[in-house]
Amino acid sequence: MPRESKAAKAARAEEIWELLVEAHPDAHCELDHRNPFELAVATILSAQTTDVRVNMTTPALFERYPDAESLAAARQEDVEELLKSIGLFRSKAKNIIGFAQGVLDRSDGELPRTLKELVSLPGIGRKTANVVLGNAFDINEGVVVDTHVARLAQRLELVLKKTTTPPAIERELMALFPRERWTLLSHLLIFHGRRVCDARKPACERCTVSHLCPASRV
Ligand code: SF4
């Protein structure tokens, strides 16, 4: 494809946005949670595993440890027992207990609402902080870049071809889309990635944005 002008790329991004909104009107965070604390824990647990698997694990976890106070005081082996069906369960048990202790140390058990404060907590990186801010607090602070968002951003060439790292992809997506769209943009790309643009077998023939996608096979 010839080099695309900035204006043409913005127009294509706008059209992609509209079509994805239409295709996935129910796009949302697929990690089950009832409050910011649960969402943060579920997001920590979701590293390198599926949301479905996390959702099968968290009901029992949150029944036993419903808040930062109870989780901070948990014995690691008890938490490991509850998490053992997910990958990396030992380090994740350690991480969520450490996270709960960090929340208690800094305040009364409530989660902070700024990126700076959130990433200062144990176990919370920029991606988890963005998930919590965007979905629990309705604050668009960044774009969550997981494996689906990274793949879709590259296939659709919403980012430059040479842009491959999550922080760089996030920066380019933030420049391309207005702030109020950042949280939903991530959900739309994740929904599309899970349901249509599979990593190995993208279903281009039924993809609503195939005419706008440089990687389309149809
Ligand atoms: S056209 Fe194919 S590669 Fe492009 S976004 Fe759609 S499914 Fe993915």
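Residues numbered from 1 in each chain as written. Predicted model: local features only at pLDDT ≥ 70, side-chain atom pairs only at ≥ 80, totals over all residues. Heavy atoms only, no water.

> Could you give an account of the site of the ligand, with specific residues and numbers?
Around the ligand, the neighbouring residues are Arg155, Leu156, Cys197, Pro202, Cys204, Cys207, Ser210, Cys213, Ala215 and Ser216. Each residue belonging to the shell around the ligand can be placed in one class, and the counts come to 7 nonpolar, 2 polar and 1 charged. (Near = heavy atom within 4 Å. Nonpolar A, V, L, I, M, F, W, Y, C, P; charged D, E, K, R; others polar.)

> How would you explain the packing of helix H3 (residues 51–64) against helix H5 (residues 76–83) if you had to name every residue and give the values?
Orientation of H3 relative to H5, taken along the N-to-C sense of each, is 150°, at an axis distance of 9 Å. When the axis of H3 is compared with that of H5, the two are roughly antiparallel. Contact residues: H3 offers Thr57, Ala60, Leu61 and Arg64, while H5 offers Asp78, Val79, Leu82 and Leu83. (Axes fitted to C-alpha atoms, helices over the stretch in contact; angles between N-to-C directions. Helix = DSSP H or I, 4+ residues; strand = E, 2+ residues; numbered from the N terminus. Parallel < 35°, antiparallel > 145°, perpendicular 65-115°, else oblique. Contact = heavy atoms within 4.5 Å.)

> Which residues make up the packing of aromatic side chains, and what values do they have?
Scanning all chains against the criterion turns up 2 aromatic pairs. An angle of 45° between the planes, with centres 6.3 Å apart, marks the rings of tryptophan 17 and phenylalanine 177 as tilted. Of this pair, tryptophan 17 sits in helix H1 (residues 6–23) while phenylalanine 177 sits in the loop between helix H10 (166–176) and helix H11 (182–195); the two residues are 160 residues apart in sequence, bridging distant segments of the chain. For phenylalanine 177, a relative accessible area of 4% gives the class buried. Look at phenylalanine 37 and phenylalanine 99: their rings are 6.1 Å apart centre to centre, the planes differ by 15°, and that puts the pair in the stacked class. Of this pair, phenylalanine 37 sits in helix H2 (residues 36–45) while phenylalanine 99 sits in helix H6 (residues 89–106); the two residues are 62 residues apart in sequence, bridging distant segments of the chain. (Phe/Tyr/Trp six-rings, centres within 6.5 Å; stacked < 30°, edge-to-face > 60°. Buried < 20%, exposed > 50% of the residue type's maximum accessible area, 1.4 Å probe, protein only.)

> Please provide a residue-by-residue account of the environment of alanine 72, values included.
Inspection of the secondary structure assignment puts alanine 72 in helix H4 (residues 68–72). Given a relative accessible area of 12%, alanine 72 falls into the buried group. Beyond its immediate sequence surroundings of up to four residues, alanine 72 is in contact with Ile97, Ala100, Gln101 and Leu104.

> So, the environment of alanine 10: which residues are in play, and what are the values?
The topology assignment puts alanine 10 in helix H1. With relative accessibility at 38%, the residue alanine 10 sits in the partly exposed group. When the C-alpha atoms of alanine 10 and serine 85 are compared, they prove to be 43 Å apart, with 75 residues separating the residues in sequence.

> Any details on the domain arrangement of the protein? Residues and values, ideally.
Under the domain assignment used here, the protein contains domain 1 (6–27 + 143–212) and domain 2 (36–136). Taken over C-alpha atoms, the centre of domain 1 sits 27 Å from the centre of domain 2. Contacts between the two partners involve 9 residues from domain 1, matched on the other side by 7 residues from domain 2. Interface area, domain 1 with domain 2, both sides summed: about 580 Å², of which 48% is carbon and sulfur. The three residues of domain 1 that bury the most area against domain 2 are Val144, Glu170 and Thr183, which together make up 58% of that side's buried surface. For the pair domain 1 and domain 2, the interface holds 2 salt bridges. For arginine 126, the salt bridge is made with glutamate 170, and the minimal N-O distance between the two is 2.8 Å. In this assembly, domain 1 and domain 2 are joined by 4 residue pairs in polar contact (both at pLDDT 80 or more). (Domains from an automatic or database assignment. Buried area = accessible area lost by both parts, 1.4 Å probe. Salt bridge = Lys/Arg side-chain N within 4 Å of Asp/Glu carboxyl O. Polar contact = N/O pair within 3.5 Å; in protein donor to acceptor, adjacent residues only side chain to side chain.)

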